[in-house]
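# Overview (structure and organization)
Each chain is listed here by its residues.
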Amino acid sequence: MNVIETDGLGKRYRQTWALRDCHLTVPAGHVAALVGPNGAGKTTLLRILAGVATPTAGTATVLGYTPGSQQARDALSAVDQTVPLYRHLRVRDLLAAARALNDQWDTDLAVQRLSSLNLTTSCKVSKLSDGQQAQLALTLALARRPRLLLLDEPLASLDPLARQEVLGWLMSCVAEDGLSVVFSSHVIAELERVAGQVAVITAYRAGRQAQVLARIDAAPPGWAGRPVTMEELVLGYLREPSARLLPRLEVAR
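As a starting point, this report considers the structure included with it. Owing to the predicted nature of the structure, the values given are computational and were not obtained by experimental measurement. (Residues numbered from 1 in each chain as written. Predicted model: local features only at pLDDT ≥ 70, side-chain atom pairs only at ≥ 80, totals over all residues. Heavy atoms only, no water.)

We now examine the sheet that holds strand β4 (residues 57-62). Think of a sheet as strands paired side by side through backbone hydrogen bonds, with each pair either parallel or antiparallel. Spatial strand order, β2-β1-β4: three strands in an open sheet with antiparallel pairing. Two strands bound the open sheet, and with one partner strand each, they are β2 (16-27) and β4. Going from strand to strand, the sheet's axes swing by 20° on average, the running direction of each strand aside. Taken together, the five bridges between strand β1 (residues 2-13) and β4 define a ladder with antiparallel strand orientation. Across the sheet, residue E5 finds its bridge partner in β4, namely T61. (Pairing = 2+ DSSP bridges. Helix = DSSP H or I, 4+ residues; strand = E, 2+ residues; numbered from the N terminus. Axes fitted to C-alpha atoms, helices over the stretch in contact; angles between N-to-C directions.)

Put into structure tokens, the structure is as follows:
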């Protein structure tokens, strides 16, 4: 089953297209990373999938349902880059409110996760650092036990060690619970732990030296070959958008 399918999806604000002709397929149990320059439509895509924005063109399904439907909302969690939380509440009160508002709620997961982070539940949310608030938002999202998790730049406020730990936690949820994750990020190093099938072709010259980024079995005679990094792959795609990853974007764990 595909947890996400879009066909020609687009969103226009007046005369400006924020997202256009998006074709995306994400199989169940996979992690898909959205990359692209600012203004490419990553946030708009995630907002449509979460059901908080309606498309202007094309179609989308989430877990087989229309985005924003009750069935879709019950089965997914989303964390926006602004980390929306009730900052006037104490952490324990926020947990109690979330438990009361959700039919499916894993109290043990929430408590154990916050305990591992040494996050005091008696503290007001407004007193937490930006990184702690991001960790709290992720904990609330996963305590709903969703089948799909949508994350828009969720790790931007975390230090490198915390980002690595959170990615490890998310990957364990994928492996153990079959969770599917779609997230956007400008930190290319994060993608190396989740990206799988990437095909990028672009070329450029530097003086008399030519460099080619391509997916081949071996370098041709007269050329020196070496493995490429994830950063080189992503930057190559951004420099040459016509070099498609795949007919439909599929990033596997």
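That shown, we press on.
Another point: helix α4 (residues 107-116). Considered for burial, the residues of α4 that qualify are L109, A110, R113 and L114. One face of α4 carries all of its buried residues, which in axial projection span an arc of 115°. Those residues of α4 that are exposed and aimed more than 90 degrees away from the buried face are D108, Q112 and S116. Downstream of α4 by a residue or two, N118 has a phi angle that is positive, lying close to 55°. (Buried < 20%, exposed > 50% of the residue type's maximum accessible area, 1.4 Å probe, protein only. Arc of directions from axis to C-beta.)

In contact at an axis separation of 12 Å, helix α5 (residues 130-143) and helix α6 (residues 160-177) are set at 5° when each is read in the N-to-C sense. Judged by the inter-axis angle, α5 sits roughly parallel to α6. Across from Q135, L138, T139 and L142 in α5, the residues of α6 making contact are A162, E165, V166, W169, L170 and C173. Residue composition of the contact of α5 with α6, by class: seven nonpolar, two polar and one charged. (Parallel < 35°, antiparallel > 145°, perpendicular 65-115°, else oblique. Contact = heavy atoms within 4.5 Å. Nonpolar A, V, L, I, M, F, W, Y, C, P; charged D, E, K, R; others polar.)

With that settled, consider the pattern of salt bridges. Considering all chains together, one arrives at three salt bridges under this definition. Among the salt bridges present, the one from D106 reaches R145, with a minimum N-O distance of 2.8 Å. With a gap of 39 residues between them, D106 in the loop between α3 (91-101) and α4 and R145 in the loop between α5 and β6 (148-152) connect regions that are remote in the sequence. On the accessibility criterion, R145 (34% relative accessible area) is partly exposed. Between R145 and D177 there is a salt bridge whose closest N-O contact spans 2.9 Å. Of this pair, R145 sits in the loop between α5 and β6 while D177 sits in helix α6, placing them 32 residues apart in sequence. (Salt bridge = Lys/Arg side-chain N within 4 Å of Asp/Glu carboxyl O.)

Moving on, we come to the pairing of β2. The pairing of β1 with β2 spans eight bridges and is classified as antiparallel. Paired with N2 across the two strands is P27, which belongs to β2. Hairpin remark: β1 followed by β2, antiparallel, with two residues in the connecting loop; positive phi at R14, about 55°.

Its place among the elements puts R113 in helix α4. Of the residues examined, R113 reaches a relative accessible area of 7% and is grouped as buried. Reaching out from R113, the side chain makes a polar contact with the side chain of Q135 at a distance of 3.2 Å. (Polar contact = N/O pair within 3.5 Å; in protein donor to acceptor, adjacent residues only side chain to side chain.)

A few words now on the packing of aromatic side chains. Applying the stated criterion to the full structure yields zero aromatic pairs. K11 extends its terminal NZ or CZ atom over the ring of Y13, reaching a point 5.1 Å from the ring centre. Sitting over the ring of W169, R113 keeps its end group 3.9 Å from the ring centre. (Phe/Tyr/Trp six-rings, centres within 6.5 Å; stacked < 30°, edge-to-face > 60°. Lys NZ or Arg CZ within 6 Å of the ring centre and 35° of its normal.)

On the surface, a cluster of positive charge is contributed by R90, R92, K124 and K127. Topologically, R92 is positioned in helix α3. By relative accessible area, R92 is classed as partly exposed at 43%. (Patch = residues over 30% accessible without salt bridge, like charges linked within 9 Å, V, L, I, M, F, W, Y side chains within 5 Å. Areas by Shrake-Rupley, 256 points an atom, 1.4 Å probe, with all protein chains shown as cover. Lys, Arg positive; Asp, Glu negative; His and termini not counted. Charge placed at Lys NZ, Arg CZ, Asp CG, Glu CD.)

A separate point is the sheet that holds strand β3 (residues 31-34). The strand order β3-β7-β6-β5 describes an open sheet built from four strands, whose pairing is parallel. Looking at strand neighbours, the two that pair on one side only are β3 and β5 (76-79), the edges of this open sheet. Along the sheet, successive strands turn relative to each other by an average axial angle of 10°, direction set aside. The sheet contact formed by β5 and β6 spans four bridges and is parallel. Paired with V79 across the two strands is L151, which belongs to β6. Contacts between α5 and the sheet are confined to β5 and β6, with β5 contributing the most and set at about 170° to the helix.

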